[in-house]
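# Structure at a glance
Letter by letter, the chains look like this.
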Amino acid sequence: MSIQNLNTFDPFADAIKGADDDVQDGLVHIRIQQRNGRKTLTTVQGLSSEYDLKKIVRSCKKEFACNGTVIEHPEYGEVLQLQGDQRENICQWLTKAGLAKPDQLKVHGF
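Computed from a predicted model, the values in this text were never measured in an experiment. (Residues numbered from 1 in each chain as written. Predicted model: local features only at pLDDT ≥ 70, side-chain atom pairs only at ≥ 80, totals over all residues. Heavy atoms only, no water.)

### Quick look at the pairing of strand β3 (residues 68–73)
Pairing geometry for β3 and strand β4 (residues 77–83), over 6 bridges, is antiparallel. Each residue of the ladder has a partner; that of Thr 69, found in β4, is Gln 81. Hairpin geometry of β3 and β4 is characterised by an intervening segment of 3 residues between the two adjacent antiparallel strands. (Pairing = 2+ DSSP bridges. Helix = DSSP H or I, 4+ residues; strand = E, 2+ residues; numbered from the N terminus.)

### A closer look at the sheet that holds strand β2 (residues 40–45)
Reading across the sheet, the 5 strands line up as β3-β4-β2-β1-β5 and stay open at both edges, with mixed pairing between neighbours. A strand with exactly one partner marks an edge of an open sheet, and here the two such strands are β3 and β5 (105–107). Going from strand to strand, the sheet's axes swing by 25° on average, the running direction of each strand aside. (Axes fitted to C-alpha atoms, helices over the stretch in contact; angles between N-to-C directions.)

### Describing helix α1 (residues 53–64)
With 12 residues, α1 ought to run about 16 Å at 1.5 Å a step, and its terminal C-alpha atoms sit 16 Å apart, in line with that. All buried positions along α1 are accounted for by Leu 53, Ile 56, Val 57, Cys 60 and Phe 64. For α1, the angular spread of buried residues about the axis comes to 95°, placing them on one side. Exposed residues pointing more than 90 degrees away from the buried face of α1 are listed as Lys 54, Lys 55, Arg 58 and Lys 62. Residues of α1 that are buried in the fold lie against β3, β4 and α2 (87–97). Positive backbone phi, approximately 55°, marks Ala 65, located one or two places after α1. (Expected span 1.5 Å × (residues − 1). Buried < 20%, exposed > 50% of the residue type's maximum accessible area, 1.4 Å probe, protein only. Arc of directions from axis to C-beta. Contact = heavy atoms within 4.5 Å.)

Take a look at the structure:
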């Protein structure tokens, strides 16, 4: 008998197949990660490196009234992190700002 909930989960595992392009396989991956209790993190991975990610995070923080940061992932480069479940908000915001088309967004989780 094995305990399944103690296995480590890599939320970026399905994005490994992308090449070393600016945008992995042409998609922007939006994921949700469970923290402790009801707390969650929304991660956005795959935005082009020509964008200033710190300005994007600053605008998202004001728009969604949440905290956020840019982290450096060793394998996937710079990833945006936002507090809370911001999947729908970030999808609408990215399309409204023209940073990604709706068919380029891939939402993962729950």
